[in-house]
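Here's the letter readout for the chains.
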Amino acid sequence: MLTMALAKGRLAEKTFDLLEGMGIDCTLPRNPGRQLVLDVPESGLRFILVKPSDVPTYVEHGVADLGVVGADTLLEAGRALYEVLDLGFGACRLCIAGFAEKKKTTVSHATFRVATKYPNIARNYYGRQGKTIEIIELHGSVELGPVIGLSDVILDIVESGSTLRANGLEVLEEVCPVTARLVCNRVSLKTRRGEMLKIIEGMKAQLTEESV
Ligand code: PRP
């Protein structure tokens, strides 16, 4: 049986849509209750539903052969695994956001402060520009940073933009676009190639079918 680690929530639901298109019954993993390991023996798949930021960890360590996770999480984690498919869904953008210059409040720190859930991405992004910054790591509601004067800007994902608008912030720079990716363990792709390719190619075919 192959194990697939899925980021709980919308990405998992969209993945089940794709798998159901391939004839895989996802009734159990769609309704897991408190169960964390969901076996669908007739399709040769076992699902584990985990926090998005943990997906790369499970896949790198080989306890999951496959995983579905956002490109933002992958970039931040920097794990040694193969990214095999851009699934297209879960689209958003990684952006630097803050108050527009004209609306800038009194917030101004000796060092430029960036509040973010993505410290590695922030470090690399500003590092490439040769800019010295202080990273303030948060785990949610990052938009609060500039609003209450904790940081000058945030680096975060923007989907509809409604959280930024509701807090008087706007996109200042775009870092990169984000979509969900299918990733796989490097060893599994060699040792269980047949089973892995069946899933990878099946998902690819579903995406092609959806786009026509
Ligand atoms: C994410 C992200 C933004 C928001 C962007 O937060 O960190 O806050 O969604 O979406 P929008 O552009 O459609 O408003 P999430 O909802 O995951 O909650 P969190 O702040 O607790 O991380």
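Fair warning: this is a prediction, and the values are worked out from it, not measured in the lab. Within each chain, residues carry numbers counting from 1 in the order of the written sequence. Totals for whole chains, interfaces and linings use every residue, but because this is a predicted model, local features are given only for residues with pLDDT of at least 70 and side-chain atom pairs only at 80 or more, for both listing and counting. Side-chain numbers come from the whole structure's heavy atoms, not from hydrogens or water.

**Student:** How would you explain the site of the ligand if you had to name every residue and give the values?
**Tutor:** Here a residue is considered near a molecule or strand provided that any single heavy atom belonging to it is located within 4 Å of it. Contacts to the ligand come from K117, G140, S141, E143, D156, I157, V158, E159, S160, G161, S162 and T163. Two N or O atoms count as a polar contact when they lie within 3.5 Å, although within protein this holds only if one can serve as hydrogen donor and the other as acceptor, and sequence-adjacent residues are included solely when both atoms are side-chain atoms. Take G161: an N or O atom from its main chain is 2.7 Å from an oxygen atom of the ligand. A distance of 2.4 Å is found between an oxygen atom of the ligand and a side-chain nitrogen or oxygen belonging to T163. Protein coverage of the free-state accessible area of the ligand, which is 500 Å², stands at 65%. Looking at the shell around the ligand, the elements that each hand over two or more residues are β9 (153-158) and α7 (162-166). Grouping the constituent residues of the shell around the ligand by class yields two nonpolar, six polar and four charged. Each accessible area is a Shrake-Rupley estimate made with a 1.4 Å probe; only the visible protein chains count as cover when residues are assessed. Helix and strand labels come from DSSP, where a helix needs a run of H or I of at least four residues and a strand needs a run of E of at least two; each type is numbered from the N terminus. Residue type decides the class: Asp, Glu, Lys and Arg count as charged, Ala, Val, Leu, Ile, Met, Phe, Trp, Tyr, Cys and Pro as nonpolar, and the leftover types, Gly among them, as polar.

**Student:** Describe the packing of helix α1 (residues 10-21) against helix α9 (residues 193-211), listing the residues and the values that go with them.
**Tutor:** Axis lines are fitted through C-alpha atoms, for helices just across the contact stretch, and the angle between N-to-C directions can take any value from 0 to 180 degrees. It is the contact of α1 with α9, at a shortest axis distance of 9 Å, that shows an interaxial angle of 95 degrees. Compared by their axis directions, α1 and α9 come out roughly perpendicular. Packed against α1, whose contacting residues are T15, L18, L19 and G21, the element α9 presents M203, Q206, L207 and E210 at the interface. When its residues are assigned to classes, the contact of α1 with α9 shows four nonpolar, three polar and one charged. The cut-offs work like this: below 35 degrees is roughly parallel, past 145 is roughly antiparallel, 65 to 115 is roughly perpendicular, and the gaps in between are oblique. Two residues form a contact once any of their heavy atoms are found within 4.5 Å.

**Student:** Run through the sheet that holds strand β4 (residues 66-70), naming residues and quoting values.
**Tutor:** As summarised here, the arrangement of the six strands in space is β2-β3-β1-β4-β11-β5, forming an open sheet in which the pairing is mixed. Two strands close off the open sheet at either side, each with one partner strand: β2 (37-40) and β5 (82-86). In this sheet, neighbouring strand axes are inclined to one another by 25 degrees on average, regardless of whether the strands run parallel or antiparallel. Sheet strands touched by α1: β1 (2-7), β3 (45-50), β4 and β11 (180-184). Its angle to β1, the strand with the most contacts, is close to 135 degrees. Contacts from α9 reach β1, β3, β4, β5 and β11, with the element oriented near 30 degrees to β5. Pairing between strands is defined by DSSP: at least two bridges between them are needed.

**Student:** Give a description of the domain arrangement of the protein that names residues and reports values.
**Tutor:** An automatic or database domain assignment is the source of the domain bounds shown. Taken as a whole, the protein is organised into domain 1 (2-90 + 179-211) and domain 2 (92-177). Averaged C-alpha coordinates put domain 1 and domain 2 at centres separated by 30 Å. Contacts between the two partners involve seven residues from domain 1, matched on the other side by 11 residues from domain 2. Overall, the association of domain 1 and domain 2 removes approximately 650 Å² of surface from exposure, summing both partners, and the carbon and sulfur fraction of that is 48%. Buried area counts how much accessible surface, traced with a 1.4 Å probe, disappears from two parts once they are put together, with both parts' losses summed. Summed over the three residues of domain 1 that lose the most area to domain 2, namely D72, L75 and E76, the buried surface amounts to 72% of that side. By salt bridge we mean one thing: a side-chain nitrogen of Lys or Arg within 4 Å of a carboxyl oxygen of Asp or Glu. Counting across the interface, domain 1 meets domain 2 through one salt bridge. Among the salt bridges present, the one from R10 reaches E159, with a minimum N-O distance of 3.3 Å. Counting every contact that joins domain 1 to domain 2 gives five residue pairs in polar contact (both at pLDDT 80 or more).

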